[in-house]
Amino acid sequence: MVSTEIKDLLATSASICTILQFLAGVLVCKKFVKNGTTGDASSLAFVTCYMSCSLWLRYGLLIGDSFVVLVNIFGTILQVSYVIVFTMYSVKKSMTLKQFAAATCFLAIVYSYVAYETDKELAAKYVGLISCSITILFFASPLFMLAHVLRIKSSESLPFPVIVASLIVSCQWFAYGCLINDQFIQIPNFMGCILSAFQLSLFLIYPSKRVDQAHLI
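Residues numbered from 1 in each chain as written. Predicted model: local features only at pLDDT ≥ 70, side-chain atom pairs only at ≥ 80, totals over all residues. Heavy atoms only, no water.

*Asks:* How do you make sense of the overall build of the protein chain when you look at a structure like this?
*Replies:* Along its length, the protein chain carries nine helices and zero strands. In sequence order, the secondary structure elements of the protein chain are arranged as α-α-α-α-α-α-α-α-α. Residue burial in the protein chain is summarised as follows: out of 217 residues, 40% are buried. Considering only intrachain contacts with a sequence separation of at least 6, the fraction spanning at least 24 residues in the protein chain is 77%. (Helix = DSSP H or I, 4+ residues; strand = E, 2+ residues; numbered from the N terminus. Buried < 20%, exposed > 50% of the residue type's maximum accessible area, 1.4 Å probe, protein only. Contact = heavy atoms within 4.5 Å.)

Rendered as structure tokens:
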């Protein structure tokens, strides 16, 4: 009974933190609306997160986990909304629409497979594996900035609040995955913990030059 209460409490906390993390996109879209353009920003982050949420939603339905289902219903709706706003203010609308269409086609294939697969345990295994892989790629995406950080020896280009949020959310879902003994939830979130912690270490190794200049002033 105690373990169930702890599991539910942890899942509730993780769900709330994840939803707050998803809501960060509102600030990004607000900036697009204010500027009247998306500038050089890429829609790939929104599209990838849309794919991730949709896949985890299907996985949650397969394993019958209401926490995974609810948080990813909310996430999917938000990401679709973000993509719509991005498209409205993007100078490269065709590129955004192509990315979204490709992601939707991929999701349609996965959902169709699940619908026709009679072995639901096997379906959950494959969907979990795909979801796991895409989530790891999503967590690792800020690492593409690593070369830039090493070159200028400054962490100012890294999104500190986003990385901290990712660390908190990853740790909570990893713990939840351990409690329910689900390796597909454990693995990507363990990787998320490691990658987020590594990125945070860069702020100690290469402090922002803006901070250094502020101290000099």
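On we go.
*Asks:* What am I meant to see in the environment of Thr104 here?
*Replies:* Position of Thr104 relative to the elements: it lies in helix α4 (residues 93–116). The spacing of Thr104 and Tyr50 is 54 residues in sequence and 9.0 Å in space, taken between C-alpha atoms.

*Asks:* Help me understand the packing of aromatic side chains in this model?
*Replies:* Centre distance and the angle of the planes are the two values used to describe a pair of aromatic rings. Inspection of every chain in the model, using the stated rule, returns 10 aromatic pairs. Ring centres 5.2 Å apart and planes at 40° place the aromatic pair Phe46 and Tyr82 in the tilted group. With Phe46 in helix α2 (residues 44–63) and Tyr82 in helix α3 (residues 66–89), this residue pair connects regions lying 36 residues apart in the sequence. We classify Phe46 as buried; its relative accessible area is 11%. By relative accessible area, Tyr82 is classed as buried at 4%. Note on Tyr59 and Phe184: the rings are 6.0 Å apart at their centroids and 80° apart in plane angle, and the pair reads as edge-to-face. Placement of Tyr59 in helix α2 and of Phe184 in helix α8 (residues 183–205) is noted, with a sequence separation of 125 residues between them. Taking the relative accessible area as the measure of exposure, Tyr59 reaches 3% and is therefore buried. Classification of Phe184 as buried rests on a relative accessible area of 12%. Among the aromatic residues, those joined into a ring-pair cluster are Phe32, Phe46, Tyr82 and Phe86. Above the face of the Tyr111 ring, Arg58 is positioned so that its terminal group lies 5.8 Å from the ring centre. (Phe/Tyr/Trp six-rings, centres within 6.5 Å; stacked < 30°, edge-to-face > 60°. Lys NZ or Arg CZ within 6 Å of the ring centre and 35° of its normal.)

*Asks:* Where do I start with the confidence of the model for the protein chain in this structure?
*Replies:* Parts of the model with low pLDDT should not have their predicted coordinates read in detail. Put simply, the protein chain has an average pLDDT of 86, and 89% of its residues get 70 or more. Looking across the protein chain, the model is least confident in helix α9 (residues 209–216), with a mean pLDDT of 48, and most confident in α3, with 94. Within the model, pLDDT remains below 50 along residues 211–217, and this stretch shows one contact once partners closer than five positions in the same chain are excluded. (pLDDT = per-residue confidence, 0-100.)

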